[in-house]
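Residues per chain, in single letters:
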Amino acid sequence: MSDILNGLGRAGVYGALGVVLLILGIVLVDLLTPGKLGKQIWEERNRNAAVLLSSALLGIGGIVFTSIWTTYDDFGKGLASTAAFGVLGLVMMAVAFLVVDLVTPGKLGATLVEAEPHPAVWVTASCNLAVAAIISASIA
C-alpha cells in the first residue's frame, strides 16, 4: 500500500510541474502572437491560433513524458530533468518561431492569428513538434 501512496505522491508532483510547464507554454504563445490568445481561440474561434497553441502544448507534453519516463527511478533527478528540459523546450520553440519569422515574408505572429486558415500555421506547428522531438530525443 505504501508503494501506491508513494506513486500517487510522485504522480501528483510531476503532474503539477507538467501543468506549470503547460501554463508557461500558453503564456509564451500568447507573447509571440498579437492579441489575447484566449479571446482568439474561445471567443473568435480562430483555428490558426488553436493549432499553434495545440502544437506547443503537445510538444511540451511530449518533453515532460520523456523526461519522467527516462528518470523515474530517481525522483529528485526526474523533477529537475523535467523542469530543465521543459523550460529548454519552451525556449527552443520560441527561438524556432523567431527564426521562421525572420526567414518568411510578413509578420508570422500576425499571420498565425488571421481569421482565415493559413498554411503558415502548419509550418509553425510542425516546427514546434520537431523541436519537442529533438529535445525529447536528447533526454535519453
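Residues numbered from 1 in each chain as written. Predicted model: local features only at pLDDT ≥ 70, side-chain atom pairs only at ≥ 80, totals over all residues. Heavy atoms only, no water.

1. Examining the confidence of the model for the protein chain
Here is step 1: For the protein chain, per-residue confidence averages 93 on the pLDDT scale, and residues scoring 70 or more make up 99% of the total.
Here is step 2: Mean pLDDT across the elements of the protein chain bottoms out in helix 5 (residues 108–112) (89) and peaks in helix 6 (residues 119–139) (95). (pLDDT = per-residue confidence, 0-100. Helix = DSSP H or I, 4+ residues; strand = E, 2+ residues; numbered from the N terminus.)

2. What about helix 6?
Here is step 1: Its 21 residues give helix 6 an end-to-end C-alpha distance of 31 Å, which sits within 8% of 30 Å, the value for a rise of 1.5 Å per residue.
Here is step 2: Taken together, the buried positions of helix 6 are occupied by Ala120, Val121, Thr124, Ala125, Asn128, Val131, Ala132, Ile135, Ser136 and Ile139. Buried residues of helix 6 fall within an arc of 155° about the axis and therefore sit on the same side. Seen from the open side of helix 6, the exposed residues pointing more than 90 degrees away from its buried face are Pro119, Trp122, Val123, Ile134 and Ala137. (Expected span 1.5 Å × (residues − 1). Buried < 20%, exposed > 50% of the residue type's maximum accessible area, 1.4 Å probe, protein only. Arc of directions from axis to C-beta.)

3. Here we look at the packing of aromatic side chains
Here is step 1: Counted by the stated rule, this structure contains two aromatic pairs.
Here is step 2: Between the aromatic rings of Tyr14 and Phe75, the centroid separation amounts to 5.5 Å while the plane-to-plane angle is 90°, which identifies the pairing as edge-to-face. One end of the pair, Tyr14, is in helix 1 (residues 2–32); the other, Phe75, is in helix 4 (residues 75–103), and 61 residues separate them in sequence.
Here is step 3: The exposure class of Tyr14 is buried, given its relative accessible area of 5%. (Phe/Tyr/Trp six-rings, centres within 6.5 Å; stacked < 30°, edge-to-face > 60°.)

4. Considering the pattern of salt bridges
Here is step 1: Taken as a whole, this structure holds two salt bridges when the rule is applied.
Here is step 2: Between Asp30 and Lys36 there is a salt bridge, with the nearest N and O atoms lying 3.3 Å from each other.
Here is step 3: With relative accessibility at 19%, the residue Asp30 sits in the buried group.
Here is step 4: Judged by its relative accessible area of 56%, Lys36 is exposed.
Here is step 5: Here Lys107 and Asp101 are joined by a salt bridge, their closest N and O atoms 3.2 Å apart.
Here is step 6: The exposure class assigned to Lys107 is exposed, which follows from its relative accessible area of 56%. (Salt bridge = Lys/Arg side-chain N within 4 Å of Asp/Glu carboxyl O.)

5. Quick word on unusual backbone geometry
Here is step 1: If you check the backbone angles, Arg45 has positive phi at about 55° while not being a glycine.
Here is step 2: Tracing the chain through its elements places Arg45 in the loop between helix 2 (37–43) and helix 3 (47–71).
Here is step 3: Under the relative-accessibility criterion, Arg45 is labelled exposed at 68%.

6. Comments concerning the packing of helix 1 against helix 4
Here is step 1: Interhelical geometry of helix 1 versus helix 4 gives an angle of 15° and a closest axis separation of 11 Å. Accordingly, the angle class assigned to the pair helix 1 and helix 4 is roughly parallel. For helix 1 against helix 4, the interelement crossing comes out right-handed. Each of Arg10, Val13, Tyr14, Leu17, Leu21, Leu24, Gly25, Leu28 and Leu32 in helix 1 lies in contact with helix 4, whose residues at this interface are Phe75, Gly78, Leu79, Thr82, Ala83, Gly86, Val87, Leu90, Ala94, Phe97 and Leu98.
Here is step 2: Residue classes in the contact of helix 1 with helix 4 are distributed as 15 nonpolar, four polar and one charged. (Axes fitted to C-alpha atoms, helices over the stretch in contact; angles between N-to-C directions. Parallel < 35°, antiparallel > 145°, perpendicular 65-115°, else oblique. Left-handed = near helix turned anticlockwise from the far one by under 90°. Contact = heavy atoms within 4.5 Å. Nonpolar A, V, L, I, M, F, W, Y, C, P; charged D, E, K, R; others polar.)

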